[in-house]
Amino acid sequence: MKKVHYRNQFSRVFSVSAVFFLLFSLSLFAQEEGATGGDAVKGKQLFNQNCAACHALDRKMTGPALAKVASRLAEDEGLDTEWLYAWVKNSPGVIASGDAYANKVYAEYNQAAMTAFPTLSNEDIDHILAYTAAEPATPPPAAAGAAGEVVSQGGTGGISNEVILGALALVFGLLVVMLLLVNKTLQRIAAANGVELVEEKEKRLPLWKAFVENQFLILVTVILLLLSGAYFAYGYVMQVGVDQGYAPIQPIHFSHKIHAGDNKIECKYCHSSARVSKTSGIPSLNVCMNCHKSIYEYKGNPEGPSKDDLANGYTNEFYTKQIKELYKAVGWDEENQKYTGESKPVKWVRVHNLPDFAYFNHSQHVTVAGVECQTCHGPVEEMEIVEQFSPLTMGWCINCHRETNVKVEGNEYYAKIHEELSKKYGVEKLTAAQMGGLECGKCHY
């Protein structure tokens with residue numbers, strides 16, 4: 001019995017020791033596994049939502065690079081994931097506590113305090129750390145694959161044009177052969193019946209001589225030539241000073257298709273003076289740097305560049321090179337994330353230019369009338385290179401004033417005028433022309 005009792009006691013002691021050893025092992029490896037135990041896919045989404053505005057994986061931005069940040073801090077500074085949890089959730093608190101490394105980073109990045117994220121859980125931070133620890137994936141050669149798919153689809157989709165043209169040529173050839181056979185048969189029949197075929201030769205006047213001898217045709221032709229010449233001369237003169245379709249090349253390529261189209265940036269974010277000023281204004285480079293301090297390269301659309309973009313050389317590398325040109329102009333040190341003070345002006349080429357004697361106020365049309373930018377400038381969000389969409393002629397403006405109703409809702413300035421003029425014209429809505437929009441002094445002064 002003692003032997004059995006001793007065996008049971010040893011078994012219990014062994015079980016308790018095994019459980020204690022397991023728990024102790026888990027606590028030892030919890031910190032090491034914390035950096036890699038998260039989901040990198042979820043971490044990428046959280047990183048893009050919360051961190052990408054100030055951080056990149058492989059380079060300095062507003063904040064330091066975050067590739068393998070957990071392992072680097074553990075090896076270089078002896079900081080564990082608990083420190084990272086505290087830093088992400090309340091970085092100002094860690095700095096205020098006197099933490100040496102926190103204050104070092106704070107001083108290194110010009111005392112730019114990191115935004116606190118108290119809503120992120122430890123699990124969320126583990127996901128982000130897993131994403132920063134993962135090796136970057138090598139992108140597939142999308143352009144070559146896409147081009148190959150286009151070629152393959154074009155070769156197998158439906159009946160080709162060559163087959164159709166070949167069939168038409170065959171039918172035409174059969175018709176020619178049939179006509180030759182019929183002609184030959186008719187000649188044989190005529191010969192069998194003793195019919196002699198004689199070619200009748202009639203002397204005719206040359207066409208030019210017949211035309212010269214007909215005075216009526218000469219008169220009609222002269223009148224038509226004079227009318228045609230006057231029409232084309234009038235059309236040419238009326239196009240003097242009209243630059244519709246003018247699309248100059250700018251010193252730094254700016255794609256409205258990417259900014260206003262793909263990224264949905266409102267026109268008046270850059271051209272802010274259009275709301276309150278006569279002119280729409282050229283945005284300063286500081287407006288560009290609001291975004292491009294963080295956006296240092298163009299990564300393109302998920303589906304990759306289109307066939308037309310590749311044909312025109314609009315690749316991701318091309319757009320990234322233009323961002324570097326912006327940095328040179330504004331004097332931005334990309335490596336140290338600060339301005340050098342060595343800037344140079346960008347000589348933008350003006351696209352829309354009205355004559356000096358024509359007055360046009362953007363704020364009157366944009367703010368008061370509520371006219372959309374695309375009404376005059378066309379679908380700018382689809383333009384890679386901006387061009388003059390409208391003719392901007394006097395007739396074009398007058399037609400707009402005749403057809404456009406004045407927006408008076410919520411504008412007390414027009415309330416009394418609208419009431420009186422509505423009675424005068426017997427209408428509920430007034431056009432700009434009915435409110436004096438055709439008076440010469442409105443646009444010419």
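Once a new chain begins, its residue numbering starts again from 1 and follows that chain's sequence as written. Per-residue local features are limited, in this predicted model, to residues with pLDDT of at least 70; the limit for side-chain atom pairs, both in listing and counting, is 80 or more; totals at the level of whole chains, interfaces and linings are taken over all residues. Excluding hydrogens and water, the side-chain figures rest on all heavy atoms present in the structure.

Novice: Outline the overall build of the chain, supporting the account with residue identities and numerical values.
Specialist: Secondary structure summary: the chain contains 22 helices and 2 strands in total. Any residue under 20% of the maximum accessible area for its type is buried, any over 50% is exposed, and the rest in between are partly exposed; the area is computed with a 1.4 Å probe on protein chains only. In the chain, which comprises 445 residues, the share counted as buried stands at 22%. Every residue pair with non-hydrogen atoms within 4.5 Å of one another is taken to be in contact. Relative to all contacts within the chain whose residues are 6 or more apart in sequence, the contacts with residues 24 or more apart total 67%. Entry remark: accessible area of the chain is about 32,500 Å², with carbon and sulfur atoms responsible for 61%. Every helix listed is a DSSP run of H or I at least four residues long, and every strand listed is a run of E at least two residues long, numbered separately from the N terminus. Methods summary: accessible areas were calculated by the Shrake-Rupley approach with a probe of 1.4 Å, and residue burial reflects only the protein chains presented.

Novice: Hey, could you go over a nonpolar patch on the surface for me, with residue numbers and the actual values?
Specialist: A patch consists of residues whose relative accessible area exceeds 30% and which take part in no salt bridge; residues with like charges are grouped when within 9 Å of each other, and nonpolar side chains (Val, Leu, Ile, Met, Phe, Trp, Tyr) when within 5 Å. The salt bridge criterion pairs a side-chain nitrogen of Lys or Arg with a carboxyl oxygen of Asp or Glu, the two atoms within 4 Å. Side chains of Trp208, Phe211, Val212, Phe216, Leu217, Ile218, Val220, Val222, Leu224 and Leu226 sit close together on the surface and give an oily, nonpolar patch of about 960 Å² of accessible area. Those elements giving two or more residues to the nonpolar patch turn out to be α10 (207–213) and α11 (215–238). In terms of residue count, α11 provides more of the nonpolar patch than any other element does, 7 residues in total. Among the structural elements, valine 220 can be located in helix α11. Overall, the relative accessible area of 32% leaves valine 220 in the partly exposed class.

Novice: So, the packing of helix α14 (residues 285–292) against helix α16 (residues 316–330): which residues are in play, and what are the values?
Specialist: Note on definitions: angles span 0 to 180 degrees between N-to-C directions of axes, and those axes are lines fitted to C-alpha atoms, for helices only across the stretch in contact. Viewed as axis vectors pointing N to C, α14 and α16 meet at an angle of 125 degrees, and their least axial separation amounts to 11 Å. By the angle class used here, α14 and α16 are oblique. Two packed elements cross with a definite hand, and for α14 against α16 that hand is left-handed. Residue-level contacts link Leu285, Asn286, Cys288, Met289 and His292 of α14 to Ile323, Leu326, Tyr327, Ala329 and Val330 of α16. Each residue belonging to the contact of α14 with α16 can be placed in one class, and the counts come to 8 nonpolar, 2 polar and no charged. In this scheme, roughly parallel covers angles under 35 degrees and roughly antiparallel covers those over 145, while 65 to 115 is roughly perpendicular and the rest are oblique. By convention, the crossing between two helices is left-handed when the near helix turns anticlockwise from the far helix through less than a right angle, and right-handed when the turn is clockwise. Asp, Glu, Lys and Arg are counted as charged, while Ala, Val, Leu, Ile, Met, Phe, Trp, Tyr, Cys and Pro are counted as nonpolar; the rest, among them Gly, fall into the polar class.

Novice: Describe unusual backbone geometry, naming the residues involved and giving the relevant values.
Specialist: At lysine 68, a position not held by glycine, the phi torsion is positive, near 55 degrees. By the element assignment, lysine 68 lies in the loop between α2 (40–50) and α3 (69–76). Even without being a glycine, glutamine 337 presents a positive backbone phi close to 55 degrees. For glutamine 337, the position within the fold is in the loop between β1 (332–333) and β2 (338–339).

Novice: Residues and numbers for the environment of glutamine 244, please.
Specialist: Mapped onto the elements of the fold, glutamine 244 is located in the loop between α11 and α12 (256–262). Since its relative accessible area comes to 47%, glutamine 244 is described here as partly exposed. The spacing of glutamine 244 and histidine 352 is 108 residues in sequence and 9.2 Å in space, taken between C-alpha atoms. Non-local contacts of glutamine 244, meaning those with residues more than four positions away in its chain, are made with Gln388, Phe389, Ser390 and Pro391. Two N or O atoms count as a polar contact when they lie within 3.5 Å, although within protein this holds only if one can serve as hydrogen donor and the other as acceptor, and sequence-adjacent residues are included solely when both atoms are side-chain atoms. For glutamine 244, the side chain forms a polar contact with the main-chain oxygen of phenylalanine 389, separated by 2.9 Å.

Novice: Explain the packing of α2 against helix α7 (residues 122–133) residue by residue, including any values.
Specialist: Contact geometry for α2 and α7: axes closest at 7 Å, N-to-C directions at 100 degrees. Taken together, the axis directions place α2 and α7 in an arrangement best described as roughly perpendicular. Listed contacts from α7 to Ala40, Lys42, Gly43, Lys44, Leu46 and Phe47 of α2 are Asp124, His127, Ile128, Ala130, Tyr131 and Thr132. Residues that form the contact of α2 with α7 fall into these classes: 6 nonpolar, 3 polar and 3 charged.

Novice: Describe the confidence of the model for the chain, and please don't skip the residues or the numbers.
Specialist: As a per-residue measure, pLDDT tells how confident the predictor is, with possible values from 0 to 100. Of the residues in the chain, 85% reach a pLDDT of 70 or more, and the chain-wide mean stands at 82. Model confidence for the chain, summarised as mean pLDDT per element, is weakest for helix α8 (residues 142–156) at 41 and strongest for α16 at 95. When the criterion is pLDDT under 50, residues 1–36 qualifies, and its contacts beyond four places in sequence or with other chains add up to 10 contacts. Here residues 142–157 scores under 50 on pLDDT; set against residues more than four positions off or in separate chains, the count is 2 contacts.

Novice: Outline the environment of glutamate 123, supporting the account with residue identities and numerical values.
Specialist: Following the sequence through the fold, glutamate 123 ends up in helix α7. A relative accessible area of 51% places glutamate 123 in the exposed class. Residues glutamate 123 and aspartate 39, spaced 84 residues apart in sequence, show a C-alpha to C-alpha distance of 9.3 Å.

Novice: Could you give an account of the pattern of salt bridges, naming the residues involved and the relevant values?
Specialist: Charged atoms that come close allow side chains of opposite charge to pair. On inspection of all chains with the given rule, the structure shows 7 salt bridges. The residue arginine 59 makes a salt bridge to glutamate 334 at a minimum N-O spacing of 2.4 Å. In this pair, arginine 59 sits in the loop between α2 and α3 while glutamate 334 sits in the loop between β1 and β2, placing the two residues 275 residues apart along the sequence. The exposure classification of arginine 59 matches that of glutamate 334, with both residues buried. Among the ionic pairs, glutamate 419 bridges to lysine 423, the shortest N-O distance being 3.9 Å. In this pair, glutamate 419 and lysine 423 both sit in helix α20 (residues 415–425), 4 residues apart, roughly one turn of the helix. Within this structure, Arg59, Lys324 and Glu334 form a network of salt bridges that share partners.

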